[in-house]
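Here are the chains, one letter per residue:
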Number of protein chains: 2
Amino acid sequence: MKSSVKISDAVVRRLPVYLRFLNELNMRNVQTVSSQDLGLKLDLNPAQIRKDLAYFGEFGKKGIGYDVKYLIEKIRQILKLDQQINVALVGAGNLGHALCNYNAYFKDNMKITAVFDNHPSKVGTMINNLSVHPMSELARIVQEEQIRIGIITVPAPEAQHVANQFVEAGVEAILNFAPTIIKVPNELRVHHADFTIELFSLAYYLEEK
Amino acid sequence: MKSSVKISDAVVRRLPVYLRFLNELNMRNVQTVSSQDLGLKLDLNPAQIRKDLAYFGEFGKKGIGYDVKYLIEKIRQILKLDQQINVALVGAGNLGHALCNYNAYFKDNMKITAVFDNHPSKVGTMINNLSVHPMSELARIVQEEQIRIGIITVPAPEAQHVANQFVEAGVEAILNFAPTIIKVPNELRVHHADFTIELFSLAYYLEEK
DNA sequence: TAGATTGTTAATCGATTAACAATC
DNA sequence: TAGATTGTTAATCGATTAACAATC
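Residues numbered from 1 in each chain as written. Chains lettered and ligands numbered in written order. Predicted model: local features only at pLDDT ≥ 70, side-chain atom pairs only at ≥ 80, totals over all residues. Heavy atoms only, no water.

Undergrad: Help me get a handle on the interface of chain B and chain A, residues and values and all.
TA: Across the contact, 60 residues belong to chain B and 60 residues belong to chain A. In total, about 6,100 Å² of surface goes out of reach between chain B and chain A, with carbon and sulfur atoms giving 67% of it. Among the residues chain B hides against chain A, the three largest losses belong to B:Phe195, B:Phe200 and B:Tyr204. Together they make up 12% of the total. Summed over the shared surface of chain B and chain A, the number is six salt bridges. Here B:Arg20 ties to A:Asp194 by a salt bridge, and the two come within 2.5 Å at their closest N and O atoms. Where the side of chain B that touches chain A is concerned, the elements lending two or more residues are α1 (9-27), α2 (35-42), α5 (94-100), β8 (147-152), β9 (173-176), β10 (189-192) and α8 (195-204) of chain B. Looking at which element gives the most residues to the side of chain B that touches chain A, the answer is α8(B), with 10 residues. (Contact = heavy atoms within 4.5 Å. Buried area = accessible area lost by both parts, 1.4 Å probe. Salt bridge = Lys/Arg side-chain N within 4 Å of Asp/Glu carboxyl O. Helix = DSSP H or I, 4+ residues; strand = E, 2+ residues; numbered from the N terminus.)

As structure tokens, then:
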């Protein structure tokens, strides 16, 4: 792993895409894959894939390609998915519910281990095997369960407030689904999963009527 | 509107962000806003904002800034949100449900007008005021209701199949929430709303433990 | 008029792609 | 050995930012 070189966000975001397809190949018992194969399937330039991977080490074999199992292991290490990462979710609506359903899919790396919501009709109910806690317990549970990532699935007007509480509780990163920009201290990382942007920008590409 | 110049996707994706904040300003009865103000609030470079807008026309006034109401109108035109755009959704799970709840939020521009799911326990149930149809009715309803955008909220293994049916039914664009890459003919536009990429890439930025 | 702010050009920065020696 | 494919450098392409004349 060549440290010192700053890896761009564009590169980091392609790693999960590689990982997902590699897992698929592995399940089909494919041993080896070339950047050519990957590029074809993922709509990416093979040179870009090789360059992305080369930031982190020499994972391939000239003339052969990449060993699928080995590359999976390496990308999991790079993304820190070789350790369990606990996640808390605030907002037990339909979206929050949907995300909890992914727990199975994530295997044992990245796991939603606590759900919060302040609405009286939600507190105490169960989502899968997790009970919904009131926000007053956020700080305590984040500490006790060593939760490192917070997911926000509340309506936009409440998102900043929830973010503040996550910051105070000590999470290291936030994934915000609310369609609004939240401000946090520099040492935290925030990603936005804002589908309204995807949907509205899609409209731009429709044919003129 | 200077046509001929190809507008990059990065520019197009910022337009909904501008629009959202402008709507907020408008609701607070703010008359005018500068690229400076916008940049501060949206974490963007003011020069970039001016350049983005200038691709489409001269919307501002030197020394003053942009008229909020006027700019809202213009961006809505650019994004084609000044006409109603009907949307179909396939996959009546929690995620599909969550998206249907946004209908109110979208006012009358972009509207989910039909929901589909092939699971017997779903067909015929109601989501808000929409009844869930079987997939066999997709083509007919897309035509009858002039649906132009398809949203996919089914599990990954079914996503490509649903996409094919959308293509056949004649939608112009697809928003795919399934964590897999779908292939469609070139004349269609596909956007991916894949939160697993956001979540996994977030892990990369956690502190080494 | 003086201050503010646009629209736009030029400069910079960064990301993608092509090309190819090295080598399995 | 011949063919395939990597890792990496150099070339290209595109996006962001700085700077500033124009002007409200």
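After that view of the structure, there is still more to cover.
Undergrad: Which residues make up unusual backbone geometry, and what values do they have?
TA: The phi torsion of most residues other than glycine is negative, and most of the peptide bonds are trans. All names here are of chain A. Positive phi, normally seen in glycine, also occurs at aspartate 43, with a value near 55°. Position of aspartate 43 among the secondary structure elements: in the loop between α2 (35-42) and α3 (46-54). According to the relative accessible area criterion, aspartate 43 is exposed, its value standing at 52%. (Buried < 20%, exposed > 50% of the residue type's maximum accessible area, 1.4 Å probe, protein only.)

Undergrad: Describe the protein's contact with DNA strand D, with residues and values.
TA: Of all residues adjacent to DNA strand D, which total 24 residues, the nearest are A:Ser35, A:Arg50, A:Gly60, A:Tyr66 and B:Gln48. Per the 4 Å cut-off to the protein, sugar and phosphate atoms form 61% of the nearby atoms of DNA strand D. Here A:Phe59 contributes a backbone N or O atom positioned 3.1 Å from a phosphate oxygen of DNA strand D. B:Arg14 is positioned such that a nitrogen or oxygen atom in its side chain is 3.2 Å from a phosphate oxygen of DNA strand D. Residue assignment for the surface near DNA strand D shows that the elements contributing at least two residues are α3, β2 (60-61) and β3 (65-67) of chain A together with α3 (46-54) of chain B. In terms of residues, the surface near DNA strand D owes the most to one element, α3(B), which gives four residues. Tallied by class, the residues present in the surface near DNA strand D amount to five nonpolar, nine polar and 10 charged. (Near = heavy atom within 4 Å. Polar contact = N/O pair within 3.5 Å; in protein donor to acceptor, adjacent residues only side chain to side chain. Nonpolar A, V, L, I, M, F, W, Y, C, P; charged D, E, K, R; others polar.)

Undergrad: Break down the sheet that holds β10(B) for me, with residues and values.
TA: Residues and elements named next belong to chain B. Read from one edge to the other, the open sheet built from seven strands follows the order β6-β7-β5-β4-β8-β9-β10, with strand pairing classed as mixed. Two strands in the sheet have a free side with no partner beyond their single neighbour: β6 (126-127) and β10. The pairing of strand β4 (residues 85-90) with β8 spans five bridges and is classified as parallel. In the sheet register, valine 87 faces β8, and the bridge partner there is isoleucine 149. Sitting on the sheet, helix α7 (residues 156-169) is in contact with β4, β8 and β9, with an inclination near 175° to β8. (Pairing = 2+ DSSP bridges. Axes fitted to C-alpha atoms, helices over the stretch in contact; angles between N-to-C directions.)

Geometric descriptors of this kind do not, in isolation, establish any biological role.
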